[in-house]
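# What the coordinates show
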Amino acid sequence: MVDRFPPDSVIRRVNAEPAVGFGAGRALLLQLAHPAVAQGVQDHSEFKRNPFKRLQGTLEAVAGVVFGSAELADGIGRRVRWVHDFIVGPGYTANDPSNLLWVHATLCDTALRCYEDLVEPLSAADRETYYVEMTEVAEHFGCPRSAQPPSLTEFERWFDATVATMEVTDVGRDLSQFILDPTLPLGLHVPMKPLLRLQRLYTLGSLPPTLREQLGFAWTEADQQRYDAARRRVRRVMRRTPRSVRTASTRVNNVYLLWLAARHVREFDERQASRAAA
């Protein structure tokens, strides 16, 4: 089977870096800052019981498209679009291109920020290539190319304008608390407390200040100093660690994510075939 993206593609190089994972909380909070997305999460998920279940599903889908075959990517797209058909409510639908674009934008903007902040700068050509490749990922999830900004420059302009005009709802503020102070399955939040503290610091420090304030999170000069120091430490470790070592955990995790994505697509296609035959 042919890979959806070649092994030497920019999107694979960027998304293979564990540093991108530092932005997981940021991406989720950005999504919850959007009124329609937050309401959909509230109405159609078990977010409060397991806030990272949504993230796990997103990671599986994105990894399947980026690191999997073209056939798997098409199957993931079919399944995701079908699931979104049922996420509807007063004033929102998950398959609305504007809602899909915002969710996609949080992933694209966060990945670029984390990679360049913690790993290395990208050339202007590679940044543009990454954006174009990510637009193809968004198309698999139902966001047409015509609904996406035509270039990275236009995307960044649109993203900043959207952030500047976004008004966070009480639903978004309520759900956001479960991102920064999660209770993880199997009590994993206890041994992972030091890592979760670092994740919280990076999440809040990297958020646009206007949204951080609207979400109700205090941020002091001392917090900013801790954030800057932590970011420098992480960057130092990332840049001193050989890429093959840095990305080993991603390669191992991708084996599982691709297997899981293929299983979910197979089960989905079987159910669809049964419905069609009934």
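So, a few notes on the structure that sits alongside this text. Here the structure is a predicted model, which is why all the values come from computation and not from measurement. (Residues numbered from 1 in each chain as written. Predicted model: local features only at pLDDT ≥ 70, side-chain atom pairs only at ≥ 80, totals over all residues. Heavy atoms only, no water.)

## Concerning the overall build of the protein
Scanning the protein from terminus to terminus reveals 14 helices and two strands. The C-alpha atoms of the protein give a radius of gyration of 19 Å, which matches the 19 Å a tight globule of 278 residues would have. The principal-axis extent of the C-alpha atoms belonging to the protein is close to 65 × 45 × 45 Å. Buried positions account for 46% of the 278 residues belonging to the protein. (Helix = DSSP H or I, 4+ residues; strand = E, 2+ residues; numbered from the N terminus. Rg over C-alpha atoms; globule rule 2.2 N^0.38 Å. Buried < 20%, exposed > 50% of the residue type's maximum accessible area, 1.4 Å probe, protein only.)

## Some details on the environment of Asp 8
Summarising the element assignment, Asp 8 is placed in the segment before helix H1 (10-15). Given a relative accessible area of 66%, Asp 8 falls into the exposed group.

## Section: empty space enclosed by the protein
Applying the stated criterion to the full structure yields two cavities of 30 Å³ or more. Among the elements of the structure, helix H10 (193-206) and helix H12 (221-240) are those that each provide at least two residues to the lining of the second largest cavity. The dominant element in the lining of the second largest cavity, judged by the number of residues it contributes, is H12, at four residues. Among the residues forming the lining of the second largest cavity, the class breakdown is seven nonpolar, no polar and one charged. (1 Å grid on protein atoms, 1.4 Å probe; cavity = no way out; pocket = protein on both sides within 12 Å on 5 of 7 lines; lining within 4 Å. Points joined across faces, edges and corners; volume = space filled by probe spheres on them. Nonpolar A, V, L, I, M, F, W, Y, C, P; charged D, E, K, R; others polar.)

## A closer look at the packing of helix H4 (residues 53-67) against helix H5 (residues 70-85)
Close contact between H4 and H5 brings their axes to 8 Å; oriented N to C, the two are set at 150 degrees. In terms of orientation, H4 and H5 fall into the roughly antiparallel class. Considering the relative orientation of H4 and H5, their crossing is left-handed. Where H4 approaches H5, its residues Glu 60, Ala 61, Gly 64 and Val 65 are matched on the opposing element by Leu 72, Ala 73, Ile 76, Arg 79 and Val 80. Looking at the contact of H4 with H5 residue by residue, the class counts come to six nonpolar, one polar and two charged. (Axes fitted to C-alpha atoms, helices over the stretch in contact; angles between N-to-C directions. Parallel < 35°, antiparallel > 145°, perpendicular 65-115°, else oblique. Left-handed = near helix turned anticlockwise from the far one by under 90°. Contact = heavy atoms within 4.5 Å.)

## Some details on a positive patch on the surface
Where like charges cluster on the molecular surface, the positive patch consists of Arg 232, Arg 233, Arg 236 and Arg 240. Of note, Arg 232 is situated in helix H12. (Patch = residues over 30% accessible without salt bridge, like charges linked within 9 Å, V, L, I, M, F, W, Y side chains within 5 Å. Areas by Shrake-Rupley, 256 points an atom, 1.4 Å probe, with all protein chains shown as cover. Salt bridge = Lys/Arg side-chain N within 4 Å of Asp/Glu carboxyl O. Lys, Arg positive; Asp, Glu negative; His and termini not counted. Charge placed at Lys NZ, Arg CZ, Asp CG, Glu CD.)

## Comments concerning the environment of Ala 222
Take Ala 222: it is sitting in helix H12. According to the relative accessible area criterion, Ala 222 is partly exposed, its value standing at 35%. Residues Ala 222 and Glu 270, spaced 48 residues apart in sequence, show a C-alpha to C-alpha distance of 55 Å.

## Here's the deal with the pattern of salt bridges
Inspection of the entire model under this criterion finds 16 salt bridges. For the salt bridge of Arg 78 with Asp 269, the shortest nitrogen-to-oxygen distance reads 2.8 Å. With Arg 78 in helix H5 and Asp 269 in helix H14 (residues 248-277), the pair connects residues that are 191 residues apart, well separated along the chain. Here the residues in one salt-bridge network are Asp 117, Asp 228, Arg 231 and Arg 235, joined through shared partners.

## A word on the side chain of Asp 223
Within the element layout of this structure, Asp 223 appears in helix H12. With a relative accessible area of 14%, Asp 223 lands in the buried category.

## Observations regarding the packing of H4 against H14
Across the interface, H4 lies against H14 with an axial gap of 9 Å and an inter-helix angle of 100 degrees. Judged on the interaxial angle alone, H14 and H4 are roughly perpendicular. Listed contacts from H14 to Leu 59, Glu 60, Ala 63, Gly 64 and Phe 67 of H4 are Asn 254, Leu 257, Leu 258, Leu 260, Ala 261 and His 264. Residues that form the contact of H4 with H14 fall into these classes: seven nonpolar, three polar and one charged.

## Some details on the nonpolar core
Of all hydrophobic cores here, the largest spans 67 residues; its most connected members are Ile 76, Trp 102, Tyr 130, Val 137 and Phe 141. If one sorts the elements of this core by residue count, helix H6 (residues 97-118) sits on top with eight residues. For Phe 141, the residues in contact, after removing those within four places along its chain, are Ala 61, Val 62, Val 65, Ile 76, Val 80, Arg 81, His 84 and Leu 100. (Core = buried A, V, L, I, M, F, W, Y, C linked by side-chain atoms within 4.5 Å.)

## Comments concerning the side chain of His 34
Checked against the element boundaries, His 34 lands in the loop between helix H2 (24-32) and helix H3 (35-44). His 34 gets classed as buried once you look at its relative accessible area, which sits at 14%. Apart from residues lying up to four places away in sequence, His 34 is in contact with Asn 99, Trp 102 and Met 166.

## Notes on H12
Between the first and last C-alpha of H12 there are 29 Å, a value that for 20 residues agrees with the 28 Å anticipated at 1.5 Å per step. Of all the residues in H12, the buried ones are Asp 223, Tyr 227, Asp 228, Ala 230, Val 234 and Met 238. (Expected span 1.5 Å × (residues − 1).)

By themselves, these observations are geometric and do not establish any function.
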